[in-house]
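Here are the chains, one letter per residue:
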Protein chains: 2
Amino acid sequence: MARANSRDRELRERAAAVIPGGMYGHQSVALLPDDYPQYFERGEGAHIWDVDGQRYLDLMCAYGPNLFGYANPQIDAAFVRQLGLGDTLTGPTALMVELAEAFVALIGHADWAMFCKNGTDATTMALTTARAHTKRKTVVRAKGAYHGAAPWCVPRPTGTIQTDRAYQITYDYNDVASLEAAVAEAGDDLACIFAAPFKHDAFIDQAAPDLAYARRARELADRTEALLVVDDVRAGLRVARDCSWAKIGVQPDLSTYGKCVANGHALSVLVGSDKARAAASKIYVTGSFWYQAAPMAAAIETLGLVRDTDYLERINALGERLRDGLAERASAAGFGLRQTGPVTMPLFLFDDDPDLRKGFCFSSAMLDRGVYVHPWHNMFLCAAMTDRDIDDALNAAEGAFGELKRQAGGLPPVEKLAFLATGGSR
Amino acid sequence: MARANSRDRELRERAAAVIPGGMYGHQSVALLPDDYPQYFERGEGAHIWDVDGQRYLDLMCAYGPNLFGYANPQIDAAFVRQLGLGDTLTGPTALMVELAEAFVALIGHADWAMFCKNGTDATTMALTTARAHTKRKTVVRAKGAYHGAAPWCVPRPTGTIQTDRAYQITYDYNDVASLEAAVAEAGDDLACIFAAPFKHDAFIDQAAPDLAYARRARELADRTEALLVVDDVRAGLRVARDCSWAKIGVQPDLSTYGKCVANGHALSVLVGSDKARAAASKIYVTGSFWYQAAPMAAAIETLGLVRDTDYLERINALGERLRDGLAERASAAGFGLRQTGPVTMPLFLFDDDPDLRKGFCFSSAMLDRGVYVHPWHNMFLCAAMTDRDIDDALNAAEGAFGELKRQAGGLPPVEKLAFLATGGSR
């Protein structure tokens with residue numbers, strides 16, 4: 001069954017004329033199967049509709065921002081109410097103080113908060129704060145970890161220059177010896193250690209943080225009087241009602257949030273402990289829209305739902321149901337499927353699938369059956385999903401595994417991901 | 001008459017506990033008179049209300065974003081309508097293509113557009129695009145010009161490092177010889193020349209672009225095959241219905257917009273000519289909220305008003321009326337008042353006022369009379385203002401000049417601006 005795509009095609013053609021490359025950034029479908037739609041019309045709860053009217057259960061949740069459902073009535077009502085009063089004004093509203101108090105109450109290690117727009121703003125502010133605090137330069141961070149798209153951390157360096165990434169040393173996530181070696185190499189110039197809350201790199205299996213590694217990062221930061229930063233932009237609030245590392249008992253000095261903290265409204269956050277407060281007060285950071293009141297109203301509502309509902313237990317249960325059901329169906333169909341990451345942020349990869357041709361075939365077959373999955377990036381569950389939605393996903397998966405089985409012998413290579421097989425980079 | 005400030009004081013105390021330094025960025029009132037409110041409650045049209053209920057005619061317009069009035073019914077209706085359909089989704093909507101088409105139609109030199117959140121995102125993308133296009137490193141930019149708050153361009157370097165600003169050469173705005181020397185120094189490594197549309201540095205008189213300087217910048221970029229960038233984030237749409245330099249007949253290769261392009265909703269833009277399209281398609285830039293549909297709906301509505309109404313002629317006429325009226329009243333009161341910048345983005349400074357004590361006294365007296373002005377940053381007019389509002393401002397000014405005259409003999413030094421008198425920096 002071929003899905004309708006005439007409106008999507010038309011928009012792509014128009015876009016090719018007025019947007020470089022037709023689309024850019026993480027929501028470009030250039031590295032997804034050819035039949036993935038680029039343009040959408042609508043979102044509600046757990047579902048999205050493409051511009052050709054097809055509805056999907058959306059397991060990407062906007063790459064994270066959708067935690068309580070698209071167009072959540074309660075959150076958006078708070079947003080719209082505040083929009084009518086005032087949003088971008090000549091100064092902040094009282095909501096900025098209330099929201100900072102809410103973050104300090106929620107995040108165990110946080111004594112203060114600062115607000116910005118992009119996740120990258122928050123991670124860059126963390127780096128700047130650490131350098132201001134220590135009066136040192138070097139940042140130690142995990143190889144391949146994504147911390148944003150500024151020149152200092154961008155995954156693909158075209159147009160940036162070597163000096164943008166000066167004073168950086170990388171280590172292998174979860175590898176204590178490698179972390180120790182990086183810290184030793186930094187010597188007396190270590191400003192901070194950056195860590196993702198778990199290994200959530202694209203294209204590869206995800207990995208939970210090893211407790212010994214997380215503890216060692218804390219010890220090394222303490223011993224060198226550097227700061228420990230947990231970049232929770234992607235995972236925050238889907239692992240814990242706190243910094244994700246609170247779950248394993250390791251408290252950073254700085255942590256960053258974004259994506260879902262205002263359920264899709266533009267807001268990101270740097271929080272820190274008292275130790276880093278003076279330095280954070282001295283850095284110069286700002287943006288035209290950083291003090292917008294309406295996204296702050298939405299965030300206060302979102303944090304209220306985080307605090308007062310069982311959303312986390314529910315999305316964990318949904319995630320378990322999805323993982324178990326997929327494992328069962330993959331196995332019944334004779335496929336080795338590796339499911340990694342927290343169940344609320346799953347990634348699945350097929351065994352023996354170097355250029356992801358099985359993953360592409362399966363994902364397209366899921367899409368045909370009304371479920372939007374991603375073949376190489378972690379996905380996201382949201383609290384608007386129900387058991388029924390997961391059952392829909394599992395029924396779709398049963399059909400998709402069958403489809404994959406029928407096609408498995410003759411799958412074409414995935415030219416656009418050829419770099420994976422050769423170990424190259426995007 | 002002392003204005004009420006108990007709620008503002010209370011919020012500042014609470015903020016001191018949970019926000020480093022109590023507040024940060026350009027909307028901090030730390031360098032404004034002590035009686036300026038930090039927190040606001042509401043905005044409508046040309047007016048804002050502080051948290052203690054006082055109403056002001058707002059000559060800051062949120063530092064630019066308010067072009068068609070706070071809570072503009074037409075623009076916000078488009079925003080809210082789209083919010084109900086979908087805002088941050090798993091991909092963009094058709095509005096992204098429509099908005100790119102609208103920018104290409106509006107900005108003379110533009111063949112394409114890319115969207116982001118902060119003005120700093122847009123200027124950083126311009127730099128990255130220029131480096132990708134030329135495969136060179138050096139940027140030549142005006143001394144003291146503000147192009148954002150990323151480490152490469154931040155006005156106060158605490159927490160950033162020298163290498164963040166590697167390969168930069170500065171020149172004096174409007175000084176052809178200085179520009180030529182900077183370009184010569186860059187040699188065969190020149191990636192781009194950055195220029196503000198006019199000199200709009202804080203604390204000093206503004207200056208229109210000298211035609212010889214602007215033309216020379218274009219020639220030098222052409223001769224060296226570097227790109228010319230006009231950073232129109234602050235001034236865009238308040239000088240022309242096009243890139244601000246279109247008015248003087250000089251077309252850049254790249255220009256940046258933000259602040260008012262969605263009338264206060266978070267959106268900024270890089271546009272470019274075909275020459276830079278391939279490079280722009282190769283840089284990696286993205287953000288969690290860059291493809292939000294609701295701010296794009298607001299921007300399409302805003303650009304419609306730009307195209308179809310006489311807003312620019314109206315704010316120019318209002319600006320002339322304000323400038324003439326202020327000049328008359330200053331002179332009648334015996335003060336030398338230098339009014340510079342486009343009349344829609346005025347800055348006024350008193351003669352013989354090195355630490356701005358006169359400016360502070362006058363600004364506070366304006367605030368007492370219900371008009372919010374800024375003593376050292378350019379202000380902004382908006383299309384929601386009326387002749388009546390300007391008359392209110394002029395009446396307030398008459399009283400404020402009188403107040404200043406009474407106090408002029410015994411004005412206290414402005415300790416917080418002492419750095420100005422000593423030539424230091426913030």
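K.L.:
Teacher, can you tell me more about unusual backbone geometry here?
P.N.:
Among all residues save glycine, negative phi is the norm, and among peptide bonds the norm is trans. Phi angles above zero are rare outside glycine, and Tyr-63 of chain A is one such case at about 65°. Inspection of the secondary structure puts Tyr-63 of chain A in the loop between strand 3 (55–58) and helix 2 (73–85). Tyr-63 of chain A sits in the buried class, given a relative accessible area of 3%. Its identity is not glycine, yet Lys-135 of chain B carries a phi of approximately 55°, on the positive side. Of note, Lys-135 of chain B is situated in the loop between helix 4 (119–134) and strand 5 (138–142). Note on Lys-135 of chain B: relative accessible area 74%, which makes it exposed.

K.L.:
Looking at this model, I keep getting lost on the relation of the copies chain A and chain B. Mind explaining?
P.N.:
The two chain copies are related to each other by a rotation about an axis together with a translation along it. Of the transformation placing chain A onto chain B, the axial shift is 0.0 Å and the rotation is 180°, giving an RMSD of 0.0 Å. In short, the pair behaves as if placed about a two-fold rotation axis. With an isologous cut-off of 70% or more, the 99% of interface residues of chain A that recur at the interface of chain B puts this contact in the isologous class.

K.L.:
Help me understand empty space enclosed by the protein in this model?
P.N.:
Over the atoms rolls a probe the size of a water molecule, and its path tells where empty space is left. A complete count under the given rule lists six cavities of 30 Å³ or more for this structure. The calculated volume of the largest cavity comes to roughly 600 Å³. Surrounding the largest cavity, 43 residues form its lining, Thr-124, Ala-150 and Pro-151 of chain A together with Ala-150 and Pro-151 of chain B being those nearest its centre. Of all the elements in the fold, those that place two or more residues in the lining of the largest cavity are helix 4 (119–134) of chain A together with helix 4 of chain B. For the lining of the largest cavity, the element with the highest residue contribution is helix 4 of chain A, accounting for seven residues. Of the residues that constitute the lining of the largest cavity, the class distribution is 21 nonpolar, 16 polar and six charged.

K.L.:
Would you take a moment to explain the domain arrangement of chain A for this structure?
P.N.:
The accessible area lost on association of the parts is a frequent measure of interface size. Residue and element names in this part refer to chain A. If you check the domain split of chain A, you get domain 1 (6–70 + 310–421) and domain 2 (88–291). The centre of domain 1, based on its C-alpha atoms, is set 28 Å off from the matching centre of domain 2. In this complex, domain 1 contributes 31 residues to the contact, which on the side of domain 2 involves 18 residues. Carbon and sulfur atoms make up 58% of the area that domain 1 and domain 2 hide from each other, which totals about 2000 Å². On the surface where domain 1 and domain 2 come into contact, there are two salt bridges. The residue Arg-338 makes a salt bridge to Asp-205 at a minimum N-O spacing of 2.8 Å. Taken together, the links from domain 1 to domain 2 amount to 15 residue pairs in polar contact (both at pLDDT 80 or more).

K.L.:
What should I look at first to understand the environment of Asp-58 of chain B in this one?
P.N.:
Examined against the element boundaries, Asp-58 of chain B turns out to sit in strand 3 (residues 55–58). Given the relative accessible area of 0%, Asp-58 of chain B is considered buried. Those residues in contact with Asp-58 of chain B that sit more than four places away from it in its chain are Thr-90 of chain A together with Ala-46, His-47, Ile-48, Tyr-70, Tyr-372, Phe-380 and Met-385 of chain B. Separated by 3.3 Å, the side chain of Asp-58 of chain B and the backbone nitrogen of Cys-61 of chain B make a polar contact.

K.L.:
Can you help me understand the side chain of Thr-88 of chain B in this one?
P.N.:
As for its placement among the helices and strands, Thr-88 of chain B is situated in the loop between helix 2 (73–85) and helix 3 (94–106). The exposure class of Thr-88 of chain B is buried, given its relative accessible area of 8%. Polar contacts involving the side chain of Thr-88 of chain B include one to the main-chain carbonyl oxygen of Gly-264 of chain A, which spans 2.6 Å. Excluding residues that lie within four positions of it along the chain, Thr-88 of chain B makes contacts with Ala-62, Pro-65, Tyr-70 and Gly-264 of chain A together with Ser-288, Phe-289 and Gln-292 of chain B.

K.L.:
Just to check I follow, could you spell out the interface of chain A and chain B for this structure?
P.N.:
In this complex, chain A contributes 99 residues to the contact, which on the side of chain B involves 98 residues. Both faces combined, the contact of chain A with chain B buries some 8400 Å², and carbon together with sulfur accounts for 62% of it. For chain A, the biggest contributors to the area lost against chain B are Tyr-24, Thr-90 and Tyr-284 of chain A; these three give 11% of the whole. On inspection of chain A and its partner chain B, the count reaches two salt bridges. A salt bridge links Arg-14 of chain B to Glu-101 of chain A, with the nearest nitrogen and oxygen atoms 2.8 Å apart. Listed by contribution, the elements that provide at least two residues to the side of chain A that touches chain B are helix 1 (6–18), strand 1 (40–44), helix 2, helix 3 (94–106), strand 4 (112–116), helix 4 and helix 7 (277–282) of chain A. Considering only residue class, the side of chain A that touches chain B consists of 53 nonpolar, 27 polar and 19 charged.

K.L.:
I would appreciate a short explanation of the packing of aromatic side chains in the present structure.
P.N.:
Under the definition given, this model contains 39 aromatic pairs over all chains. On the basis of an interplanar angle of 55° and a centroid distance of 5.2 Å, the ring pair of Phe-68 of chain A and Tyr-311 of chain A is categorised as tilted. Placement of the pair is Phe-68 of chain A in the loop between strand 3 and helix 2 and Tyr-311 of chain A in helix 9 (residues 311–332), with a sequence separation of 243 residues. For Phe-68 of chain A, a relative accessible area of 9% corresponds to the buried category. When its relative accessible area of 0% is taken as the criterion, Tyr-311 of chain A is described as buried. Measuring from ring centre to ring centre gives 5.7 Å for Phe-79 of chain A and Phe-79 of chain B, while their planes differ by 10°; the resulting arrangement is stacked. Taken together, the residues Phe-79 of chain A in helix 2 and Phe-79 of chain B in helix 2 connect one chain to another. For the pair formed by Phe-79 of chain A and Phe-79 of chain B, the shared burial category is buried. The rings of Phe-335, Phe-348, Phe-350, Phe-362 and Phe-401 of chain A are connected pair by pair, giving a single aromatic cluster. Directly above the ring of Trp-49 of chain B sits Arg-42 of chain B, whose terminal nitrogen or CZ lies 3.9 Å from the centroid.

K.L.:
Sorry if this is basic, but what is going on with the sheet that holds strand 3 of chain B here?
P.N.:
In a beta sheet, neighbouring strands are held together by backbone hydrogen bonds and run either parallel or antiparallel to one another. Read from one edge of the open sheet, four strands run 1-2-3-13 (chain B), paired in mixed fashion. Either end of the sheet is taken by a strand with one partner, and the two such strands are strand 1 (40–44) and strand 13 (371–372) of chain B.

K.L.:
Sorry if this is basic, but what is going on with the environment of Val-261 of chain B here?
P.N.:
Residues and elements named next belong to chain B. Relative to the helices and strands, Val-261 is located in the loop between strand 9 (254–257) and strand 10 (268–272). Overall, Val-261 belongs to the buried group, its relative accessible area being 1%. Considered as a pair, Val-261 and Leu-237 are 24 residues apart in the sequence and their alpha carbons are 7.7 Å apart. If we ignore the near neighbours within four places in the chain, the residues touching Val-261 are Phe-103, Leu-237, Leu-267, Val-269, Ala-299, Thr-302 and Leu-303.

K.L.:
Is there a simple way to think about the environment of Leu-337 of chain A in this case?
P.N.:
All names here are of chain A. Relative to the assigned elements, Leu-337 resides in strand 11 (residues 337–340). Between the alpha carbons of Leu-337 and Lys-416 there is a distance of 22 Å; along the sequence they are 79 residues apart. Look past the residues within four positions of Leu-337 in its chain and what remains in contact with it is Leu-326, Ala-330, Phe-348, Leu-349, Phe-350, Asp-351 and Phe-401.

K.L.:
I would appreciate a short explanation of the sheet that holds strand 13 (residues 371–372) of chain A in the present structure.
P.N.:
A sheet is described by the order of its strands in space; here four strands give the open sequence 1-2-3-13 (chain A), paired in mixed fashion. A strand with exactly one partner marks an edge of an open sheet, and here the two such strands are strand 1 and strand 13 of chain A.

K.L.:
Explain the pairing of strand 10 (residues 268–272) of chain A here, please?
P.N.:
Where a strand is regular, its side chains alternate between the two sheet faces. Residues and elements named next belong to chain A. Burial runs high along strand 10: five of the five residues are buried. The alternating pattern of strand 10 places Ser-268, Leu-270 and Gly-272 and Val-269 and Val-271 on opposite faces, both of which are buried. Direction of pairing for strand 4 relative to strand 10: antiparallel, over a ladder of five bridges. The residue bridging Phe-115 from the neighbouring strand is Val-269, located in strand 10.

Criteria and cut-off values
- Every chain's residues receive numbers from 1 upward, in the order its sequence appears when written.
- Labels are handed out in written order, letters beginning with A for the chains and numbers beginning with 1 for the ligands.
- Per-residue local features are limited, in this predicted model, to residues with pLDDT of at least 70; the limit for side-chain atom pairs, both in listing and counting, is 80 or more; totals at the level of whole chains, interfaces and linings are taken over all residues.
- Values reported for side chains reflect all heavy atoms of the structure, with hydrogen atoms and water molecules removed beforehand.
- Secondary structure follows DSSP: runs of H or I at least 4 residues long count as helices, runs of E at least 2 residues long count as strands, and numbering of each begins at the N terminus.
- Summary of the burial criterion: residues with accessible area below 20% of their type's maximum are buried, those above 50% are exposed, and those between are partly exposed, where the area comes from a 1.4 Å probe applied to protein chains only.
- What sets the superposition is a least-squares fit of C-alpha atoms, and only residues with pLDDT of at least 70 in both copies go into it.
- Contacts are residue-level and defined by heavy atoms, with any inter-residue pair within 4.5 Å sufficient.
- Using a grid of 1 Å spacing that covers the protein atoms alone, one calls a set of points a cavity when a 1.4 Å probe fits there but cannot get out, and a pocket when the set is open and has protein on both sides within 12 Å along at least five of seven lines; lining residues are those with an atom within 4 Å of a point.
- Grid points are joined across faces, edges and corners, and a volume is the space filled by probe spheres set on the points.
- Ten residue types, Ala, Val, Leu, Ile, Met, Phe, Trp, Tyr, Cys and Pro, are classed as nonpolar, four, Asp, Glu, Lys and Arg, as charged, and the remainder, Gly among them, as polar.
- Residue ranges assigned to each domain were obtained from an automatic or database domain assignment.
- Here the buried area means the combined drop in accessible surface, using a 1.4 Å probe, for two parts upon being joined, counting both sides.
- Here, a salt bridge means any Lys or Arg side-chain nitrogen found within 4 Å of an Asp or Glu carboxyl oxygen.
- Pairs of N or O atoms are called polar contacts if they sit within 3.5 Å, as long as, within protein, a hydrogen donor faces a hydrogen acceptor (for residues adjacent in sequence, only side-chain-to-side-chain pairs).
- Ring pairs shown here join Phe, Tyr and Trp side chains whose ring centres sit within 6.5 Å, with only the six-membered ring taken for Trp; geometry is labelled stacked below 30 degrees between planes, edge-to-face above 60, and tilted in between.
- The criterion for a charge sitting over a ring is simple: Lys NZ or Arg CZ within 6 Å of the ring centre, and within 35 degrees of the ring normal.
- Should DSSP find at least two bridges between two strands, the strands are regarded as paired.

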